[in-house]
Amino acid sequence: MSESMLTYSSATSWTGLMGDAAAAETLIPSAQIVAPYRMITFGDSRARTSNSTQIGVTGSATYWNTAREGAWIASILGDTEIIGDFGISGDPIISSTTANGWNGTARSNSKTIANALQLRPDICWIQYGINDIAASATSAAIIAEFKKLISELMAGGVKVVVESIMLFDPTASSPTISAAIASTAQTTLIAVNAALQTWCAGYAGRVVYVDNVKTIQLSATGYADPQYLDSDNTGVHLNKKGAQLLAEKVAAAARTLLPQRLAGAYFIGPSENPNLV
């Protein structure tokens with residue numbers, strides 16, 4: 001019997017799990033129960049999955065943040081567990097010091113790419129780039145770093161879900177994105193997303209790009225609909241409603257990379273407010 005797989009081929013095997021052995025054998029004959037997929041999140045504050053700044057669960061006070069997509073993605077998939085949170089508030093994808101950027105060797109709380117790969121994840125969800133746009137980085141520079149990060153993950157055997165850089169509301173963004181650079185920022189965001197979509201399409205089965213721009217876009221302005229954003233006055237963070245909505249598309253895209261498993265990702269609390277453990 002392998003380390004990651006338990007095989008239940010007789011009614012007796014199910015007795016302790018479901019109570020009614022005969023019913024269990026009828027419902028799931030010779031079923032194979034496998035370990036859940038292992039998922040990590042990587043990027044900036046919008047890839048932060050828990051209230052903790054640490055990589056993983058640090059105690060009973062740690063909970064999954066329902067105003068971020070990560071916990072919803074895992075909950076919707078149902079056969080996936082989050083094993084590492086590599087989101088860092090304010091982090092750019094382009095490194096300017098060893099303490100920041102996707103390849104920073106001194107990223108906060110040891111959230112380095114090396115440590116991410118050591119966890120042996122099956123899949124990584126990326127939400128990155130908004131801080132680079134706020135700092136007026138060029139689309140070419142941002143795209144180049146995305147390619148390096150994704151290539152590093154693929155080389156480590158990790159499948160990757162890349163979500164479009166999320167839209168923002170520049171009228172609320174103080175001080176994250178000023179109205180003065182809103183027009184330029186929007187142009188850069190569109191260019192990066194388009195290039196990423198094209199590039200990711202060349203790695204079918206290993207990488208999938210999720211275009212969530214129109215999911216929360218206001219047709220009148222082209223910016224994000226405030227009803228899906230947090231009231232933190234930055235204009236870039238989702239609220240619970242927005243996180244759940246975008247996570248549905250991300251989970252559907254992730255499923256194209258991860259065949260359904262007969263596995264459980266367990267959580268406490270109501271399903272509409274998941275606290276995965």
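Scroll up to find the structure this text is about.
Residues numbered from 1 in each chain as written. Predicted model: local features only at pLDDT ≥ 70, side-chain atom pairs only at ≥ 80, totals over all residues. Heavy atoms only, no water.

Read across the open sheet, the 5 strands follow the order β4-β3-β5-β6-β7; overall the sheet is parallel. Edge positions in the open sheet fall to β4 (80-87) and β7 (207-210), since each of these has one partner strand only. Across the sheet, the mean angle from the axis of one strand to that of its neighbour is 20°, orientation sign disregarded. Bridge count between strand β5 (residues 123-127) and strand β6 (residues 159-163): 4 bridges; the pairing is parallel. (Pairing = 2+ DSSP bridges. Helix = DSSP H or I, 4+ residues; strand = E, 2+ residues; numbered from the N terminus. Axes fitted to C-alpha atoms, helices over the stretch in contact; angles between N-to-C directions.)

The next thing to look at is the pairing of strand β3 (residues 37-43). As a general feature of sheets, a regular strand has side chains that alternate between the two faces. Among the 7 residues of β3, 6 are classified as buried, and the element is accordingly described as predominantly covered. Relative to β4, β3 is paired through 7 bridges, and the arrangement is parallel. Among the inter-strand pairings, methionine 39 is bridged to a residue of β4, identified as isoleucine 82. (Buried < 20%, exposed > 50% of the residue type's maximum accessible area, 1.4 Å probe, protein only.)

Looking now at the layout of surface pockets. In this structure, the second largest pocket encloses a volume near 180 Å³. Around the second largest pocket sit 13 residues that line it, and Leu189, Ile190, Asn193, Asp211 and Val213 are the ones nearest its centre. If you tally residues by element for the lining of the second largest pocket, the top one is helix α7 (residues 182-200), at 6 residues. A per-class count over the lining of the second largest pocket returns 6 nonpolar, 5 polar and 2 charged. (1 Å grid on protein atoms, 1.4 Å probe; cavity = no way out; pocket = protein on both sides within 12 Å on 5 of 7 lines; lining within 4 Å. Points joined across faces, edges and corners; volume = space filled by probe spheres on them. Nonpolar A, V, L, I, M, F, W, Y, C, P; charged D, E, K, R; others polar.)

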